[in-house]
Amino acid sequence: MGGVKVRIVEALSPAGLSSFFAICDRDEKGRPIEDPLRIGAIGGGFKLSPAIRTKVVIEETERPEVIVKINGRRQDEALTSRNVVEDILKLAGSPDVRIEVEHEIPYPIGAGFGTSGAGALTLAVALSKALKVNLTMLELGRIAHVAEVRAKTGLGTVGALMTAGSCIITRCPGAPGYGVIDSIPLDTTGLLLIVVYFGPILTKDVLSDKMAYERINKAGKETLKRVLNEPTVENLLRYSYEFACKAGFLTENVRRVEKLIKDEGLEVLGYAQNMLGDAVHLLVERGKADELLIYLRRELKGCKILLCGLDDSSVKLRRM
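Each value, and the rule that gives it
Residues numbered from 1 in each chain as written. Predicted model: local features only at pLDDT ≥ 70, side-chain atom pairs only at ≥ 80, totals over all residues. Heavy atoms only, no water. Helix = DSSP H or I, 4+ residues; strand = E, 2+ residues; numbered from the N terminus. Rg over C-alpha atoms; globule rule 2.2 N^0.38 Å. Buried < 20%, exposed > 50% of the residue type's maximum accessible area, 1.4 Å probe, protein only. Contact = heavy atoms within 4.5 Å. Areas by Shrake-Rupley, 256 points an atom, 1.4 Å probe, with all protein chains shown as cover. Phe/Tyr/Trp six-rings, centres within 6.5 Å; stacked < 30°, edge-to-face > 60°. Axes fitted to C-alpha atoms, helices over the stretch in contact; angles between N-to-C directions. Parallel < 35°, antiparallel > 145°, perpendicular 65-115°, else oblique. Left-handed = near helix turned anticlockwise from the far one by under 90°. Nonpolar A, V, L, I, M, F, W, Y, C, P; charged D, E, K, R; others polar. 1 Å grid on protein atoms, 1.4 Å probe; cavity = no way out; pocket = protein on both sides within 12 Å on 5 of 7 lines; lining within 4 Å. Points joined across faces, edges and corners; volume = space filled by probe spheres on them. Salt bridge = Lys/Arg side-chain N within 4 Å of Asp/Glu carboxyl O. Pairing = 2+ DSSP bridges. Expected span 1.5 Å × (residues − 1). Polar contact = N/O pair within 3.5 Å; in protein donor to acceptor, adjacent residues only side chain to side chain.

Looking at the overall build of the protein chain
Helix and strand content of the protein chain: 9 helices and 12 strands. Computed over its C-alpha atoms, the radius of gyration of the protein chain comes to 20 Å, within 12% of the 20 Å expected for a compact globule of 320 residues. Projected onto its principal axes, the C-alpha coordinates of the protein chain cover approximately 65 × 50 × 35 Å. Looking at the protein chain residue by residue over its 320 residues, the buried ones come to 53%. Looking at the protein chain alone, contacts between residues at least 24 apart form 77% of all its contacts between residues at least 6 apart. Carbon and sulfur atoms provide 49% of the accessible area of the protein chain, an area that totals close to 15,000 Å².

Have a look at this one:
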């Protein structure tokens with residue numbers, strides 16, 4: 001490591017909120033796809049601020065060790081992060097180093113915010129720079145994508161986070177360089193997302209049987225066609241809400257928020273359920289957000305309500 005005993009690098013990425021999706025892990029004949037670079041998802045959603053941050057601290061040592069923390073708490077598993085570390089360490093020649101990974105995630109985990117994908121991508125970028133492993137963003141994105149697929153924490157977030165725009169549509173699945181990702185142009189300065197979060201939904205529970213898998217994928221593919229036929233953010237949200245109904249995801253809490261919007265005539269541009277989460281995101285004009293926040297917090301007790309910006313940037317690197 002060039003005689004440097006300690007090196008610190010930080011990377012930032014928007015979150016990746018999913019509004020609808022379909023899983024693409026089988027070929028046209030229904031056989032499982034073996035290549036993780038070709039496994040992925042189609043769908044649509046939003047890139048959000050505040051950013052997800054990952055700081056990497058590397059120290060030369062005779063006792064190599066990897067420590068992963070999320071919001072200050074040590075995580076003994078963190079399979080996605082450990083997959084990224086393992087792959088980049090191999091490329092670096094497996095040096096004797098102590099690596100401390102600190103993920104700072106200002107969103108609920110397991111609720112459709114793409115935290116795993118953003119964490120994997122920022123870790124790949126920061127760690128490669130800290131270890132002086134020279135890779136392109138395409139190569140780093142593939143490492144992060146494969147890490148997610150191997151850990152079964154996500155399928156298509158990484159490529160979306162690397163794409164320009166804030167309202168993202170994934171047309172074809174796969175890792176960066178394999179998938180085809182598009183976006184709907186938006187003026188992000190005048191819009192905000194309000195997210196009403198009640199709790200997580202465990203993906204494994206939802207996708208535990210073949211009938212659910214087929215129902216979700218049928219609804220997801222239909223939704224993609226409808227959005228591409230009329231590509232506006234309002235339509236994406238409208239069709240995504242219908243996707244949640246058809247796929248069997250819609251929760252009573254999300255129905256309660258929808259009823260509140262309709263009964264009170266709340267001024268929102270659209271809304272959809274987080275994929276996957278017991279949560280709903282509402283697109284609003286910036287000038288009306290504060291009043292709406294006050295109302296929602298008064299009417300919806302016992303839940304978490306977040307105000308998020310739309311972010312059209314990608315990963316940023318900071319050497320500390």
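Details of the packing of aromatic side chains
Scanning the model with the defined rule gives 6 aromatic pairs in all. Seen from their ring centres, Phe 243 and Phe 249 are 6.0 Å apart, and the 50 degrees between their planes marks the pair as tilted. Judged by its relative accessible area of 1%, Phe 243 is buried. Among the aromatic side chains, those forming a connected cluster through ring pairs are Phe 20, Phe 21, Phe 243 and Phe 249.

Digging into the packing of helix 6 (residues 210-229) against helix 7 (residues 233-247)
With their axes 9 Å apart at the nearest point, helix 6 and helix 7 run at an angle of 165 degrees to one another. Taken together, helix 6 and helix 7 sit at an angle that is classed as roughly antiparallel. Taken as a pair, helix 6 and helix 7 cross one another with a handedness that is right-handed. Facing Arg 215, Ile 216, Ala 219, Gly 220, Glu 222, Thr 223, Arg 226 and Val 227 of helix 6, the residues of helix 7 in contact are Leu 236, Tyr 239, Ser 240, Glu 242, Phe 243, Lys 246 and Ala 247. Here the residues of the contact of helix 6 with helix 7 sort into 7 nonpolar, 3 polar and 5 charged.

Here we look at the layout of surface pockets
Of the pockets and cavities examined, the second largest pocket occupies roughly 340 Å³. At the level of secondary structure, the elements contributing two or more residues to the lining of the second largest pocket comprise strand 1 (6-24) and helix 6. The class makeup of the residues in the lining of the second largest pocket is 5 nonpolar, 2 polar and 8 charged.

Comments concerning the pattern of salt bridges
Applying the stated criterion across every chain, the model contains 20 salt bridges. For Asp 182, the salt bridge goes to Arg 171, with nearest N and O atoms at 3.0 Å. With Asp 182 in strand 7 (residues 180-184) and Arg 171 in strand 6 (residues 167-172), this residue pair connects regions lying 11 residues apart in the sequence.

Things to note about the pairing of strand 3 (residues 65-70)
Bridge count between strand 3 and strand 5 (residues 97-104): 6 bridges; the pairing is parallel. Of the residues in strand 5, the one forming a bridge with Ile 67 is Glu 100. Where strand 3 meets strand 4 (residues 73-74), 2 bridges bridge the pair, whose relative direction is antiparallel. Along strand 4, the bridge assignment pairs Ile 70 with Arg 73.

Focus on the pairing of strand 5
Here strand 2 (residues 40-60) pairs with strand 5 via 8 bridges, running antiparallel. Note on strand 5: the bridge partner recorded for Glu 60 is Val 97.

Considerations on helix 1 (residues 79-91)
Here helix 1 is 13 residues long and its end C-alpha atoms lie 19 Å apart, about the 18 Å a rise of 1.5 Å per residue gives. By the burial criterion, the buried members of helix 1 are Thr 80, Ser 81, Asn 83, Val 84, Val 85, Asp 87, Ile 88 and Leu 89. On its buried face, helix 1 is in contact with strand 3, strand 5, helix 2 (115-130) and helix 3 (137-151). Gly 93, located one to two residues past helix 1, shows a positive phi value of around 85 degrees.

So, unusual backbone geometry
Backbone torsion omega between Ser 49 and Pro 50 reads 10 degrees, so that peptide bond is classified as cis. With respect to the element layout, Pro 50 can be found in strand 2. With omega at 0 degrees, the peptide bond leading from Met 275 into Leu 276 counts as cis. As for its position among the elements, Leu 276 is in the loop between strand 9 (270-273) and strand 10 (278-285). Phi at Lys 132 is positive, roughly 60 degrees, even though this residue is not glycine. Tracing the sequence through the fold places Lys 132 in the loop between helix 2 and helix 3. Look at Lys 132 and you get exposed, because its relative accessible area is 52%.

Looking at the side chain of Asn 217
For Asn 217, the position within the fold is in helix 6. Under the relative-accessibility criterion, Asn 217 is labelled buried at 8%. At a separation of 2.8 Å, a polar atom in the side chain of Asn 217 contacts the main-chain amide nitrogen of Ile 23. Those residues in contact with Asn 217 that sit more than four places away from it in its chain are Ala 22 and Ile 23.

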